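# Notes for the structure review
Now for the letters of each chain:
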Amino acid sequence: MKAKLARFARAGGGTALIAMAARVSGQLAMVAVTLVATRHLGPADFGVFAIAGALAMLARTMLYTGPFEYLLKAPANGHAGTASACLAAVIAVAAGWTMLLVLLGLAAPLLFQGSGVSEVLLALAPSVLLAALAAFAEAAMLRSGAVRRYYAITVVAEVESGLAAILLLLAGWGLWALVAQIYVRTALLIFALGGLGPRFVFARPALGEVGAVLRWSASRFGSVFVGFLANYSGDLVLGVVVSPAAAGLYRASNRMVTALADMFVQPAGMLALTTLAAHRARGEGGARPGAWLRLTALFAVLGWPALAVLALFADRLVPLALGPAWAAAGTVVAVFCLARMAALVTAVASAALVVADRQGRVLMVQTAAAAATAALTVLAAPLGGMDGAMGAALAATLVAVLAAAALGRMALRRDEHAALAEAARLVLLPLAGAFGAAFLADRLANMSTPLLALAVPLGCAAAGWLVAALPVTPALRRAAALLAEAPKAA
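Residues numbered from 1 in each chain as written. Predicted model: local features only at pLDDT ≥ 70, side-chain atom pairs only at ≥ 80, totals over all residues. Heavy atoms only, no water.

## Regarding the overall build of the protein chain
Definition in use: Where helices and strands are cited, they refer to DSSP runs of H or I of at least four residues and of E of at least two residues respectively, numbered from the N terminus. Here's how the labels work: a residue is buried when its accessible area is under 20% of the maximum for its type, exposed when over 50%, partly exposed in between, all with a 1.4 Å probe on protein chains only. Contact definition: two residues touch when any of their heavy atoms are within 4.5 Å. We get accessible surface area from the Shrake-Rupley algorithm with a probe of 1.4 Å; when it comes to residues, only the shown protein chains can shield them.
Helix and strand counts for the protein chain stand at 17 helices and zero strands. Here the protein chain holds 490 residues, and 53% of them are scored as buried. A fraction of 85% describes how many contacts in the protein chain between residues 6 or more apart in sequence connect residues 24 or more apart. In the structure as shown, the protein chain presents an accessible area of about 21500 Å², 70% of it carried by carbon and sulfur atoms.

In structure tokens form, the structure reads like this:
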């Protein structure tokens, strides 16, 4: 039994590392494209793509919820038309968003200042239909249990599309290089996932079954929309009630933290959804007690210490990364670290609730969070320093922590309190080890070189984490084993 658990732990741990490596590759590709783009595009072009890209991103994100999740958790021996119904549903959603983006593109000259948004938005609209095929292929591969293959394909797609964008920027394509990057990535995903993924026997979908999928998905679409508003309401409110400079400081700080946090948060949510849905698909009615808590702890053991150390040294790391002009963002970055720690709980708890068909509660919390973020930003921005960015960051972080607590409480079952205590012990010891070692090294070391003054405490943080993680290694192996032992649903 111990040998079997060890095999599962190794397999599950490898899956988690591959998932995080995939996110790292995506972040590195994004940074590389950004560095090249800043030398070939002006601020106006960035603004045009930011507006059009955000709307297209919202449309594409809609394709990775609803029918996507419905297919993941559908019974393995379910009706043959389920896959066809999910495919038809996701294409219908994509078609609706494509038409909406076309209408927004035609109306863009009346809605947005300047020119260029209309052309880019119209060019991006058809990518949503292609993204529907990619989303279905991703759901099918995850449902089959080929999680490692899925993340390997996403790494290739991110890197190759990033290289394509860089080459086109160097060739003088300008703004259209970023548009082409989206199409290249989508096409690579369609061909790779479709060619290497499982085969389905499609049947003509019944309208009633397609309708059932869409009705189940309605609250999930609402969750994505209000989540989008929650993520961008701080920027929008600051830009309206304070200044564009405050909005820029706020967004730059948020992106810096997100670049680190997404290495843990996105894989945690995706793998939790896949693992828990696999248990549901084989007819267990849900995962074993405490499964979502152990999955949260598995990623928090790695992510929370990294975010805590970033918060500790943010005032020195930010000027080195972004330049002296962004030194004021250090404190804002430290505040956002707490928000992203809460986001990890939100991602896994939401997955657990969706698999349990309680997605309506997720929508309720996210709607309240979006409204509260906007309202508190209006109230707190004038009270905070740095032109309002600090007040807005504190408001967003407070809402993020409360939302995570609410979703965690909803996902927690009566028989999971022992698992909650175990997860807390699993996370807190490595967190304290890494943060404590970094704090003491920073206070005791007296380095005249700025880089060395950072390198020594960071090295001590890594050593402290390793020492503190040793006592909880058995619990970590049990958590990692969940990723490998979930049965394939197809």
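## Here we look at the packing of helix α13 (residues 359–380) against helix α14 (residues 389–411)
Where we set the bar: The convention used is that axes are lines fitted to C-alpha atoms, helices contributing only their stretch in contact, and that angles between N-to-C directions extend from 0 to 180 degrees. An angle below 35 degrees is treated as roughly parallel, one above 145 as roughly antiparallel, one from 65 to 115 as roughly perpendicular, and anything else as oblique. It is the rotation of the near helix from the far one that decides the hand of a crossing: anticlockwise by less than a right angle makes it left-handed, clockwise makes it right-handed.
Where α13 contacts α14, the two axes come as close as 8 Å, and the packing angle between them is 160°. One element, α13, and the other, α14, form an angle in the roughly antiparallel class. As α13 packs across α14, the resulting crossing turns out to be right-handed. Here R361, V362, M364, V365, A369, A372, T373, L376, T377 and A380 of α13 come into contact with α14, specifically with G391, A392, A395, A396, L398, V399, A403, A406, L407 and M410.

## Some words on helix α12 (residues 329–355)
Our working rule: The span expected for a helix works out to 1.5 Å for each residue beyond the first.
The first and last C-alpha atoms of α12 sit 38 Å apart over 27 residues, in line with the 39 Å expected at 1.5 Å per residue. Among the 27 residues in α12, 24 count as buried, and that is most of the element. Backbone geometry just downstream of α12 places D357 in the positive-phi region, at approximately 60°.

## Topic: unusual backbone geometry
Notably, D357 is not glycine yet its phi reads approximately 60°, a positive angle. Mapped onto the elements, D357 comes out in the loop between α12 and α13.

## Topic: the pattern of salt bridges
Keep this limit in mind: Salt bridge, as used here: a side-chain nitrogen of Lys or Arg that lies within 4 Å of a carboxyl oxygen of Asp or Glu.
This model, assessed by the stated rule, comprises five salt bridges. Close ionic contact of E158 with R185 constitutes a salt bridge, the shortest N to O distance being 3.0 Å. With E158 in helix α7 (residues 147–170) and R185 in helix α8 (residues 175–196), this pair connects stretches of sequence that are 27 residues apart. With a relative accessible area of 19%, E158 lands in the buried category. Exposure remark for R185: the relative accessible area of 27% places this residue in the partly exposed category. In this structure, D442 and R316 form a salt bridge, with 3.0 Å as the shortest nitrogen-oxygen distance. Of this pair, D442 sits in helix α15 (residues 417–444) while R316 sits in helix α11 (residues 291–322), and the two are 126 residues apart along the sequence. Linked by salt bridges that have partners in common, R316, D442 and R443 make up one network.

## Let's talk about the nonpolar core
To be explicit about the condition: The nonpolar core is taken to be a set of buried Ala, Val, Leu, Ile, Met, Phe, Trp, Tyr and Cys residues, with the residues joined through side-chain atoms within 4.5 Å.
Residues L63, V120, W292, W304, V333 and F336 are the most contacted members of the largest nonpolar core, which totals 139 residues. Here the element with the most residues in this core is α12; it accounts for 19 residues. Among all residues touching W292, those that are not within four sequence positions of it are L276, V348, A349, A352, G408, A411, L412 and E416. By size, the runner-up hydrophobic cluster in this structure holds six residues, among which are V309, A438, L454 and A461.

## Side note on α15
Helix length check: α15, at 28 residues, gives a terminal C-alpha distance of 40 Å against a target of 40 Å (1.5 Å per residue), a fit within 8%. Within α15, burial applies to A419, E422, A423, L426, V427, P430, L431, G433, A434, A438, A441 and D442.

## Remarks on the packing of helix α5 (residues 117–124) against α8
For clarity, the threshold we go by: Residues were grouped as follows: Ala, Val, Leu, Ile, Met, Phe, Trp, Tyr, Cys and Pro as nonpolar; Asp, Glu, Lys and Arg as charged; and all remaining residues, including Gly, as polar.
Packing of α5 against α8 leaves a shortest axis separation of 10 Å and a crossing angle of 20°. For the element pair α5 / α8, the angle class is roughly parallel. Remark: the crossing between α5 and α8 carries right-handed chirality. Across the interface between the two elements, E119, V120, A123 and L124 of α5 pack against L175, W176, V179, I182 and Y183 of α8. The residue inventory of the contact of α5 with α8, partitioned by class, reads eight nonpolar, no polar and one charged.

Just distances and angles here, no functional claims.
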